[in-house]
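# Topology and contacts: notes
So the chains spell out like this:
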Amino acid sequence: MLPFIWFCLVALMIAGYVILDGFDLGAGAIHLFVTRSAAERKLVLRSIGAVWDGNEVWLLAAGGTLYFAFPPLYASSFSGFYLPLMMVLWLLILRGVSIEFRNHIDSPIWTPLWDAGFGISSALLAIFFGAALGNVIRGVPLDQAGEFFLPLWTDFTPGPRPGVLDWYTILIGVLAFLALAMHGALWLNYKTEGDLNARARSVARTLWWPLGLVMLAATAASFSVQPRILSNFREYPWGVVFPLLAVGGFAGMRWSKGELQAFLWSCVFLAGMLTSAVFGVFPYVLPSNTSPTLGLTIYSAATAEYGLKAGLAWWIPGMTLAACYSVFVYRKFAGKVRDQA
Amino acid sequence: MDSALAVHRLHFAFTVTFHYLFPQLTMGLALLIVVLKTVALKTGDQQYNRAARFWAKIFAINFAVGVVTGIPMEFQFGTNWSRFSKAAGGVIGQTLAMEGVYSFFLESSFIGLFIYSEKTLSPLAHWASSVLVWMGSWLSGFFIVATDAWMQHPTGYALGPAGEIRLESFWGLILNPWAWWQYLHTMLGAIVTGAYVMAAVGAFYLISNRHSSYGRIFVRVGVMGALVASLLLMATGDGQGRNVALYQPVTLAASEGLFDTAQGAPLAIIGQPDTNTERLDNPLLIPRVLSFVTYRNWAAEVKGLNQYPRDQWPDNVPLLYYSFHIMVGLGTVFIAIAAICALWLWRGRLFEAKALLWILMLSLPFPYIANTAGWMTAELGRQPWLIYGMMRTAAGASPTVSAGNAVFTLLGFMGVYTVVGILFIFLVYRELERGPEEGEA
């Protein structure tokens, strides 16, 4: 029971990360396309300025929680995905520096440099995170000791000797990029006014079709790459609520009336997509692509019972406090961002 | 030494050494900013508010670099040290996860408020946001020190059937006797950095005849902070040293350069350890002092390195010895400088004493060197163990990550951090050039 509770809590934290940091990643990924001036790009930054760092903390907190609750999973996946994770770190550094350093100097050299850094790092991170999810769904070549090492690519097919990048994981990367770009566009639509607001809305409307097509393709591909998904849905038909959430969110972001509502539907969409994937491979958290018995499950990867219990005792009050800070900060910085200069 | 292992060690050493240049200023400056804000709140002196605003700008740049260089540290436990993480993650993952949940959310939520919202917050609320940022940074420091303390002196654990290390007592982990001295010592080291940086900037303004009224505030607050912190630093260092004597006696012998067991052991001030001949070359010794500082007894026996088999020795005795001596030596110098400057301050002559102001200004890099040397002492002293007495460093690295891949990412980090370091210095220097009066209402 305790491993299952922690599995849900880690999934909740990852969903929190994807939804919260997702909109600032998405805003970064599209900001070079929706803005027409340095002043507008500054507005984009201001719309996430006070919250992006806190959103990224969800990644660290989720990582730390995963680390203590499922140590073998953390150890195996982090060393196995060594190269792409290091690149994620470099991108996170580039992105953090771009956001924080950009407004220190107002110059035609300094500002565009960091705008580009922010845009490129945000877009690549969205693709990397999607590809990472794709790797987890496809499974990795775990050995008897529960270890593996993936090269960046081999022959680009999800066969017995896959790389981090194959056609399937790239497809999921593209899906993640489109989903977060949509999420970011709806955030900017909600947080800005005037031309920028209108352009963000039109980006969101334009992205809706390709997002839908890639979502269909990725769903079909996932069923063929990971047979377990189909058997899970057959065995537990109630699990269909997760994809229904995603479909509901997908429809809601198109047809809802308000700007905030559209953004919230996008949150539902992301949560639905993520939980569908997690449900599809359950109880595996890192499946093997060669032999099911080698995969890591929530039971084989969980730490001992006492540690999981002790964790609950600090996690619940700690995350309650964290939620209070977040609510406070989001209320403090609520409303449309305006050009104050 | 297996070459992949050497690269993994260098990888962590390089990234953590660079990273810790930033949090030490964050933690020290956070407290000093609270001091400035408190004076402003109590006296209504707006100059102190402007001084706090000036330091908040430097704090923000420093904090950002600390955050982006800190994320790789948590990742590297899994990427480069997977055997260690698999075995011990159930224990040290607790403190690392608590750092995220209890301190990073607090810090990241309120730093935005502290830096961007002074105009929309009441003076009391803005003061409170500075206190919360300080608390967040110090909580973060605690969880990291507690994690390291467990590797130095594991407590609160039991071994499972498969050899995995299980948490057995949460409070045993948090109340590790090693953690508390080390925590206080580390935080005081951070205050010394913050205080000397503040005093150095103040001295820079006074010598160059700019922003003199602020220069005087910075020198006054910096010197007072440096004096109190460096004295307490010595006291906590003594407490920490006795922990080392108790739990890691071989580390004590190596850091002191003591090869032969002696009653009434001397303290080596300088000298070069030669591990081939097992003696200290060109030593300058003070008789009996090592016995006294370790055991409070002039004649007590202190065990030398020759009492231990070589495979128990820290694997880099000379570097450990020098790190320790640099830390202690600089710590002593910090007390001397702060005491003389405080005396001159009390006599009302410090702001005209050019020589002392020059010394304060030029002292800026040394707290960074001392804090780095202190951490090198702790971590080299822990060798050859990753978890003291339980897991050798060689047994903890990731088995699937080759030297070639690790060198690739190490070079990548070296490149990225060089650029980040240059940008940091450039931006901070610009803020110093602008000075505290820029953008005043």
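Residue numbers run consecutively from 1 along every chain, following the written order of its sequence. To read the labels, note that chains go from A and ligands from 1, taken in the order they are written. Predicted model: local features are reported for residues with pLDDT of at least 70 only, side-chain atom pairs are reported and counted for 80 or more only, and whole-chain, interface and lining totals are derived from all residues.

## Examining the overall build of chain A
The helix and strand inventory of chain A stands at 13 helices and 2 strands. Seen along its three principal axes, the alpha-carbon backbone of chain A occupies a region of about 60 × 45 × 40 Å. For chain A, the proportion of its 341 residues judged to be buried stands at 57%. Counting only contacts in chain A whose residues sit at least 6 apart along the sequence, the fraction spanning at least 24 positions is 74%. The secondary structure listing takes helices from DSSP runs of H or I that are at least 4 residues long and strands from runs of E that are at least 2 residues long, numbered from the N terminus. Backbone-placed C-beta atoms define the burial measure: a residue is buried with 20 or more other C-beta atoms within 10 Å of its own, exposed with 12 or fewer, and partly exposed in between. The contact rule is simple: place each C-beta atom from the backbone, and if two of them lie within 7 Å, those residues are in contact.

## A closer look at the overall build of chain B
Scanning chain B from N- to C-terminus turns up 14 helices and 8 strands. For 441 residues, the compact-globule estimate of 2.2 N^0.38 gives 22 Å, and chain B sits close to it at 23 Å. Dimensions of chain B, computed from C-alpha atoms along their principal axes, come out at roughly 65 × 50 × 40 Å. Out of the 441 residues belonging to chain B, those deemed buried represent 53%. This radius of gyration counts C-alpha atoms alone. The globule rule is 2.2 Å times how many residues there are, raised to the power 0.38.

## Regarding helix α2 (residues 23-43) of chain B
A helix is expected to reach a length of 1.5 Å times the quantity of its residues less one. The end-to-end C-alpha distance of α2 of chain B is 30 Å, a good match for the 30 Å that 21 residues give at a rise of 1.5 Å each. Residue Gly 44 of chain B follows α2 of chain B closely and has a positive phi angle near 70°.

## Topic: the packing of helix α10 (residues 241-255) of chain A against helix α11 (residues 259-281) of chain A
All names here are of chain A. Between N-to-C directions, angles span 0 to 180 degrees; the directions come from axes that are lines fitted to C-alpha atoms, helices contributing only their stretch in contact. Between α10 and α11, whose axes approach to 7 Å, the crossing angle comes to 155°. When the axes of α10 and α11 are compared, the pair comes out roughly antiparallel. The handedness of the crossing between α10 and α11 is left-handed. Judged by residue contacts, Phe 242, Pro 243, Leu 245, Ala 246, Gly 248, Gly 249, Phe 250, Gly 252 and Met 253 of α10 engage Ala 262, Trp 265, Ser 266, Val 268, Phe 269, Ala 271, Gly 272, Met 273, Thr 275, Ser 276 and Phe 279 from α11. Each residue gets one of three labels, nonpolar for Ala, Val, Leu, Ile, Met, Phe, Trp, Tyr, Cys and Pro, charged for Asp, Glu, Lys and Arg, and polar for the others, Gly among them. For the contact of α10 with α11, the residue count by class is 13 nonpolar, 7 polar and no charged. Orientation categories follow fixed angle ranges, with anything under 35 degrees roughly parallel, anything over 145 roughly antiparallel, 65 to 115 roughly perpendicular, and all other angles oblique. By convention, the crossing between two helices is left-handed when the near helix turns anticlockwise from the far helix through less than a right angle, and right-handed when the turn is clockwise.

## Some remarks on helix α4 (residues 71-80) of chain A
Of all 10 residues in α4 of chain A, 10 are buried; the element is thus mostly enclosed. Every buried residue belonging to α4 of chain A is among Pro 71, Pro 72, Leu 73, Tyr 74, Ala 75, Ser 76, Ser 77, Phe 78, Ser 79 and Gly 80 of chain A, and all of these are buried.

## Some details on the interface of chain B and chain A
Taken residue by residue, the interface counts 48 residues in chain B and 50 residues in chain A. Counting only elements with at least two residues in the side of chain B that touches chain A, the list comes to α3 (46-79), α4 (82-116), β2 (165-167) and α14 (403-434) of chain B. Among the elements that take part in the side of chain B that touches chain A, α4 of chain B stands out by supplying 22 residues, more than any other.

## Thoughts on the nonpolar core
Ala 126, Ala 176, Phe 177 and Ala 185 of chain A together with Ala 199 and Ala 226 of chain B are the most contacted members of the largest nonpolar core, which totals 260 residues. Top contributing element to this core by residue count: helix α7 (residues 177-207) of chain B, with 19 residues. For Ala 226 of chain B, the contacting residues outside a window of four places in its chain are Val 192, Ala 195, Tyr 196, Ala 199, Phe 334 and Ala 338 of chain B. By definition, a nonpolar core groups buried Ala, Val, Leu, Ile, Met, Phe, Trp, Tyr and Cys residues that are joined through C-beta atoms within 7 Å.

## Concerning the confidence of the model for chain B
The predicted model of chain B has a mean per-residue pLDDT of 93, with 99% of residues at 70 or higher. Interface scoring of the predicted complex returns ipTM 0.92; its pTM is 0.94. Note: pLDDT gives the predictor's confidence per residue, expressed from 0 to 100.

## Here's the deal with the pairing of strand β5 (residues 279-286) of chain B
Walk down a regular strand and you will see the side chains alternate between the two sheet faces. Residues and elements named next belong to chain B. Criterion used throughout: strands pair if DSSP finds at least two bridges between them. Pairing of strand β4 (residues 267-274) with β5, which is carried by 6 bridges, proceeds in the antiparallel orientation. By the bridge assignment for β5, Ala 268 is matched with Leu 285. Hairpin connection of β4 to β5: 4 residues between the antiparallel strands, including Glu 278 at a positive phi of 55°.

## Points about the environment of Val 416 of chain B
Looking at where Val 416 of chain B falls in the secondary structure, it is placed in helix α14. The spatial distance from the C-alpha of Val 416 of chain B to the C-alpha of Leu 285 of chain B is 44 Å, given a sequence separation of 131 residues. With residues near it in sequence (within four places) discarded, Val 416 of chain B still touches Trp 90 and Ile 93 of chain A.

## Looking at the environment of Asp 339 of chain A
Residue and element names in this part refer to chain A. Mapped onto the elements of the fold, Asp 339 is located in the segment after α13 (305-332). Taking the C-beta count within 10 Å as the criterion, Asp 339 has 13 such neighbours and is therefore assigned partly exposed. When residues no more than four places from it in sequence are discounted, the contact partners of Asp 339 are Ala 39 and Leu 43.

## So, the confidence of the model for chain A
Chain-level pLDDT for chain A is 93 on average; 99% of the residues reach the 70-or-more range. The secondary-structure element of chain A with the lowest mean pLDDT is helix α12 (residues 298-301) of chain A, recorded at 90, while helix α7 (residues 167-191) of chain A shows the highest, at 96.

## Points about unusual backbone geometry
Cis geometry marks the peptide bond from Phe 282 of chain A to Pro 283 of chain A; its omega dihedral reads 0°. For Pro 283 of chain A, the location among the structural elements is in the loop between α11 and β1 (284-286). The omega angle of the peptide bond from Gln 383 of chain B to Pro 384 of chain B is 5°, so this bond is cis rather than trans. Mapped onto the fold, Pro 384 of chain B is located in the loop between α13 (365-382) and β7 (385-387). Although it is not a glycine, Asn 209 of chain B sits at a positive phi angle of roughly 55°. When you line up the elements, Asn 209 of chain B lands in the loop between α7 and α8 (212-247). For Asn 209 of chain B, a count of 8 C-beta atoms within 10 Å corresponds to the exposed category.

## Thoughts on the environment of Tyr 48 of chain B
Residue and element names in this part refer to chain B. Following the sequence through the fold, Tyr 48 ends up in helix α3. Assessed through the 21 C-beta atoms surrounding it within 10 Å, Tyr 48 is described here as buried. When neighbours within four sequence positions are excluded, Tyr 48 is seen to be in contact with Leu 36, Val 39, Ala 40 and Ile 217.

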